Amino acid sequence: MIAYLSEFDTQLSTTYDAALKSGQLIFTSSETVKSKETEYNIDCDICYAPALAKKPHGILLTVEADPRPKLDRPSTPVIQKVEKANPFLPHTPALYVADASEEHKILLNKFCIVPRHFLVVTKDFHPQTEPLTPDDMMAIWNSIMALRNSRDAVAFYNCGTRSGASQPHKHMQIIPLEAPSPIAILVRECSKRQHGKKENRPGDVFSVPYNCINHVILLPAAEHTSKSQEDILLEAYITLMDAMLMSIRAYAEQGHVSDEERKLCTNTAYNWIMTTEFMMIVPRKQESSKMINGVALDINSLGFAGMVLAKTKRELEMVKDRGVVTVVAETGFSFGFEGRSPEEEAKRAEEQAKLEQQMSNVLLNL
């Protein structure tokens, strides 16, 4: 049996340094602006990196060569839209770190603002709209556990349209951190025993107080259960998916929801986040925040982890003024109080919590 990731942390650093030196990897320095989210008692991160505004996207425009004499050519050249080649098949050799499993390889993020930011990529093509598999999650988990020189890490998956995915080839991402992410701090706080609320334990499903549908589940330590790590991750993921789908169904059943919004509910895109302590899932209604004075922010999974990227001064000022959580949450589905009294909303939330707990208990007893 092949031992994967035995020297991963060393390989990651060595490959990162070499790729950076050769110019195959482009590190963009950024200014981190702290956003004090007093309502949530956390400090979110706004990474300001104006150089990334020039980062190439997935479509390239080229001018078609015209063989006709100059006088016979149209005044406007013919523009062709050319799909960018899949950067993962084949991958750039200088960005390859290691195999994570028989089905996955680890590549450095070519355009990074956090050192050693890497991707767990399927070796064969699978679409970014597919759910995570047990092998996907184990490759991610093992990669996180192999990070010996980082104090923390956050893994994430942008699934489907509207999720912030930049490539159609299935890839998950991991960012090594020197301190816990804002979402990790918030989840820990929400897990504590509070007045009128019991302490959340591993296997419990709950939500952080963002103004959008989200579900979190605490992961039990493998040594405290008879289940394998793969079973722990799979059951947690299935539990979250079921909770998300129930919430989306309840959202679609509201009388004020438009037909267009109901269509979005049938083609679910979502963000998935995992640390060694918890998993989180957030269904997405739109890819960007609301347009305010001509400025909107693109959001992916990291936004719900409390970390956003601003590429222009106007984006930075907009997020500072409105707050990271407010900007991020409006890209999800929010029940709010539209069409419901506060009493009806509280009753709906209580019923939803009961359904989620019942589903969680059933799955954990499989």
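Computed from a predicted model, the values in this text were never measured in an experiment.

Asks: Even after reading the chapter, I still don't get the packing of aromatic side chains, so can you show me in this structure?
Replies: Between two aromatic rings, the relevant description is the distance of the centres plus the angle of the planes. Counted by the stated rule, this structure contains 4 aromatic pairs. Seen from their ring centres, tyrosine 210 and phenylalanine 304 are 6.5 Å apart, and the 40 degrees between their planes marks the pair as tilted. Here tyrosine 210, found in the loop between strand 12 (205-206) and strand 13 (215-218), pairs with phenylalanine 304, found in helix 6 (residues 301-304); they are 94 residues apart in sequence, far enough to count as distant. On the basis of relative accessibility, which here comes to 0%, the residue phenylalanine 304 falls in the buried class. Ring geometry for tyrosine 251 against phenylalanine 333: centres 5.0 Å apart, planes inclined by 70 degrees, an arrangement best described as edge-to-face.

Asks: Can you walk me through the pattern of salt bridges in this structure?
Replies: Pairing of side chains with opposite charge becomes possible as their charged atoms draw close. Scanning the entire structure with this criterion turns up 13 salt bridges. With a closest N to O distance of 2.6 Å, aspartate 45 and lysine 34 form a salt bridge. A residue pair is termed long-range when its members are at least 10 positions apart, and aspartate 45 in strand 3 (residues 42-48) and lysine 34 in strand 2 (residues 31-37) qualify at 11 residues. By relative accessible area, lysine 34 is classed as exposed at 55%. Connected through shared salt-bridge partners, Glu130, Asp136 and Lys170 make up one network.

Asks: Hey, could you run me through unusual backbone geometry in this one?
Replies: Most peptide bonds take the trans form, and the phi angle of most residues other than glycine is negative. A cis geometry characterises the amide bond from leucine 89 onward to proline 90, with omega recorded as -5 degrees. Its place among the elements puts proline 90 in the loop between strand 5 (79-83) and strand 6 (96-99). Notably, asparagine 41 is not glycine yet its phi reads approximately 60 degrees, a positive angle. Inspection of the secondary structure puts asparagine 41 in the loop between strand 2 and strand 3. Its identity is not glycine, yet arginine 116 carries a phi of approximately 70 degrees, on the positive side. By the secondary structure assignment, arginine 116 is in the loop between strand 8 (111-112) and strand 9 (118-122).

The rules behind these values
- Residues numbered from 1 in each chain as written.
- Predicted model: local features only at pLDDT ≥ 70, side-chain atom pairs only at ≥ 80, totals over all residues.
- Heavy atoms only, no water.
- Phe/Tyr/Trp six-rings, centres within 6.5 Å; stacked < 30°, edge-to-face > 60°.
- Helix = DSSP H or I, 4+ residues; strand = E, 2+ residues; numbered from the N terminus.
- Buried < 20%, exposed > 50% of the residue type's maximum accessible area, 1.4 Å probe, protein only.
- Salt bridge = Lys/Arg side-chain N within 4 Å of Asp/Glu carboxyl O.

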